[in-house]
Amino acid sequence: MNKIIIVSNRLPLNIKIEDNELNIEPSVGGLATGMRSVHNAYDSKWIGWTGLAEDNLSTVVKKKVELAIDAENCIGVPLTNKDVDLYYFGFSNKTIWPLFHYFTEFAEFKKDHWNAYYEVNQKFADVITKHCKKGDTIWIHDYQLLLLPKMIKDKCPGVSIGFFLHIPFPSYEVFRILPWRTELIEGMLGADLIGFHTYDYERHFFSSVRRLLGYEINFNKININTRIVKADSFPMGIDYDKFHNAAIQHHNKSIQDKSDIQQQLDKHILNTPDIKLILSIDRLDYTKGIAKRLHAFEYFLEKYPEFQGKASLVMLAVPSRANVDQYQRMKSEIDELVGRINGKFSTINWSPIWYFYRSFPFDNLIDLYTSCEIALLTPIRDGMNLVAKEFVASKVNKKGVLILSEMAGAVKEMSEALLINPQNYEQIADTLKKAIQMPEEEQIERNTIMQKRLQRYNIDRWASDFLNSLNKVQEDKAKYIAKKMNPSIEKKIKTNYDKAEKRILFLDYDGTLVGFKDKPVDAAPDKELYEILDQLSTNPRNEVVLISGRDKETFTKWFGNRNYTLIVEHGVWIKKPDENWRLIEQMKIDWKENIKPVFEFYVDRTPGSFIEEKNYSFVWHYRKADPELGNIRANELKFDLSGLISNHNLEILEGNKVIEIKNSGINKGRAALHKINNTHYDFILGMGDDWTDEYLFQDLPAKAYTIRVGLKNTLAKYNVNTPEDVRRLLKNLIE
Ligand code: GDG
């Protein structure tokens, strides 16, 4: 049976060894909690590091660990202390983490860190490929394993791979700083589906793919030679019921069942009934904006002194990555700030900040979520921020106010929160005042909307959406595979070709007989191509028709003296062997003088682009322009042209990095029909690579063999991958 393999840097377990005995507990944190439900719901294995370095374990303990995690359906990837130091604390947390969160000044670029990152990704790949088989689904998580999808795909092309990035994907201008940027992107593209929390991260990713690798992107699908990779946004949800129900139970607890923390909180609230508790919970990380939050809170108390003694910040900072320098420095800075602010404002009865530097058990987390009326979450950058969602889910009576940084991915789904810029102390101070004074009806109104959304798009929905989307990619692939040329179809075509008395072959040129070049003039026919076409056309039973969007001058130069029929400008002109060019249909060209300046305007504004003028059309080429700008300008040009062409019987064609305008009703299908009209052919072949060839596939008689080059949705009966495949197929016919 096919299974799901979940892969993350760490297994979702905390393993402690005391006196050679193991103590295993489920670990906390967004990814672990979120994926646990997938792990339980499907027949799945979870592969990751145990958190125990190999060099610290005796053989006996290693075996014990292996057995214990096997009971949890987990498989360990053995890592040494050195691996963890260079790959995890090094490349993952000193290079990728800061850079992807726009802390470029913290990013280090060390070759030995990179080497270790590569090697550890390879170690993961080795364990996974040992345990997976064709048809399995592998879901890889996060920034520590960006190279892994490709490593697995190269070795096991038959598995379906999903990758989810839990942190932001930065803008190209930041991503390009990385010396190993191409390797990382190529690594990710080994996946069949790549998921991000938000559309912004997705679009940054596309921009890097376009600029670094030049792959064509159609909506959210990337065409990579013989593969299609899809990227999409899946905002991660929470286990809503778990938080909501825990909060309900919490309210029903008797005094003696309450935790120490809760009793202290209750006492404090009882002594100072109008106190407002403001909560923040984060890993102690520079991306979370903890120091800025403290400065802003200090500023709030100064700007609105009436709240001194009436508002306290309850701040839980969970220790994280304490081996990394920046985290140590930040910890000292925060300790000092808390001390200074408390020293400055505290009274006998009131401290402005209650600071906890540790991890709390889940029940205490609920104590905090339910007791604090306001949450102040101010990340400088945050992939999503689950704490914001958990706080809102825990508000059973719907009262409470969430203040959330606009730099967190979660804002996209939580626009009813009070949004702030974490750098703007003025705004944070004013927003705190607004939150404290917000009428209850307004709180209920805002939280009701957010709760509904969080309940609907919860963690299970997130996981199933991702997995369904991954399945869909596989189904699409299956459709292509069904059309893919194979030896038995080739044999059938060859047999029918051999039997036929009168044959006609319609062959598109660019992208079909030759590959694309930066400049169209560089795509001239080579010796091999002439040989193939000449041999085909000297057979008296054959008629070879080159059918292209090219102009007649170029085709005259290349093929004017050959024994082929030429159809150019998408079906405007035809030239039979030894005859002159003639128009297939009469057309007007008086529109050209009005349209030309529009094209010239776009050439001036888009470096690298140029115009090709044909007798009955203009083509704007932007293959050599900046890919992002090219796409934007192409859309603008289409828009401008569509406003101009009404009543002129013109149409706009969008080809591969080209926009063309020409008389309408003229296309390759119509031209091909014109050619075969009234003649009986018992073998018809049509080959092309872009959507202008779809007219040909559509209009040729049903018995024709139609073949599209490249993995695209097509009306053609079959798909081949490249122009090399086309040539091989033609050579096979000649033999
Ligand atoms: C990364 C991305 C993205 C926290 N303290 C305690 C505790 N927690 C739990 C919270 C929450 C999780 O940890 C933290 O999740 P966040 O989303 O807030 O932040 P990161 O750890 O940075 O997570 C982030 C996330 O991945 C998921 O994709 O949202 O942007 O940076 O669930 O409840 N849990 C317990 N005790 C604590 O003291 N039990």
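Residues numbered from 1 in each chain as written. Predicted model: local features only at pLDDT ≥ 70, side-chain atom pairs only at ≥ 80, totals over all residues. Heavy atoms only, no water.

**Student:** I tried to follow the overall build of the protein chain on my own but got confused; where do I start?
**Tutor:** Secondary structure summary: the protein chain contains 25 helices and 29 strands in total. Taking as baseline every contact in the protein chain between residues at least 6 positions apart, the subset at least 24 positions apart corresponds to 70%. Surface summary for the protein chain: the accessible area is close to 31400 Å², and the carbon and sulfur share equals 49%. Counting 100 positive and 101 negative side-chain charges, the protein chain places the centres of these two groups 3 Å from one another. (Helix = DSSP H or I, 4+ residues; strand = E, 2+ residues; numbered from the N terminus. Contact = heavy atoms within 4.5 Å. Areas by Shrake-Rupley, 256 points an atom, 1.4 Å probe, with all protein chains shown as cover. Lys, Arg positive; Asp, Glu negative; His and termini not counted. Charge placed at Lys NZ, Arg CZ, Asp CG, Glu CD.)

**Student:** Mind showing me how you'd approach the domain arrangement of the protein chain here?
**Tutor:** Accessible area lost during the coming together of the parts is what is often quoted as the interface size. By the assigned domains, the protein chain splits into domain 1 (4-233), domain 2 (240-456), domain 3 (483-585 + 666-734) and domain 4 (592-663). Between domain 3 and domain 4, the contact holds 21 residues from the first and 17 residues from the second. For the domain 3 and domain 4 pair, buried surface summed over both sides reaches about 1500 Å², with 54% attributable to carbon and sulfur atoms. Among the residues of domain 3 in contact with domain 4, Asp518, Glu569 and Trp691 are the three that bury the most area, contributing 29% of the side total. In this structure, the connection of domain 3 to domain 4 is made through zero salt bridges. Counting across the domain 3 and domain 4 interface gives six residue pairs in polar contact (both at pLDDT 80 or more). (Domains from an automatic or database assignment. Buried area = accessible area lost by both parts, 1.4 Å probe. Salt bridge = Lys/Arg side-chain N within 4 Å of Asp/Glu carboxyl O. Polar contact = N/O pair within 3.5 Å; in protein donor to acceptor, adjacent residues only side chain to side chain.)

**Student:** When you look at the sheet that holds strand β15 (residues 374-377) in this model, what are you seeing that I'm missing?
**Tutor:** Strands pair in a sheet through their backbones, by hydrogen bonds, and they do so in one of two ways: parallel or antiparallel. In spatial order, the strands read β14-β13-β12-β15-β16-β17; together these six strands make up an open sheet with parallel pairing. Single-partner strands in this sheet number two, and they are β14 (353-357) and β17 (418-420). Across the sheet, the mean angle from the axis of one strand to that of its neighbour is 20 degrees, orientation sign disregarded. Alignment of strand β12 (residues 276-283) against β15, held across two bridges, turns out to be parallel. Paired with Ile278 across the bridge in β15 is Ile374. Strands in contact with helix α14 (residues 386-393) are β12, β15 and β16 (401-405); relative to β16, the strand with the most contacts, it is inclined by about 170 degrees. (Pairing = 2+ DSSP bridges. Axes fitted to C-alpha atoms, helices over the stretch in contact; angles between N-to-C directions.)

**Student:** Whenever I open this one, the pairing of strand β27 (residues 683-688) confuses me. Can you help?
**Tutor:** With six of six residues buried, β27 is to be regarded as a mostly interior element. Along β27, one buried face is formed by Phe683, Leu685 and Met687 and the opposite face, lined by Ile684, Gly686 and Gly688, is buried too. One ladder, built from five bridges, connects strand β18 (residues 503-507) with β27; its direction is parallel. Counterpart to Leu507 in the pairing with β27 is Met687. Alignment of β27 against strand β28 (residues 705-709), held across four bridges, turns out to be parallel. Looking across to β28, one finds that Leu685 is bridged to Tyr705. The parallel pair β27 and β28, bridged by helix α24 (residues 694-699), forms a crossover whose chirality is right-handed. (Buried < 20%, exposed > 50% of the residue type's maximum accessible area, 1.4 Å probe, protein only. Right-handed = clockwise from strand over helix to strand, strands pointing away.)

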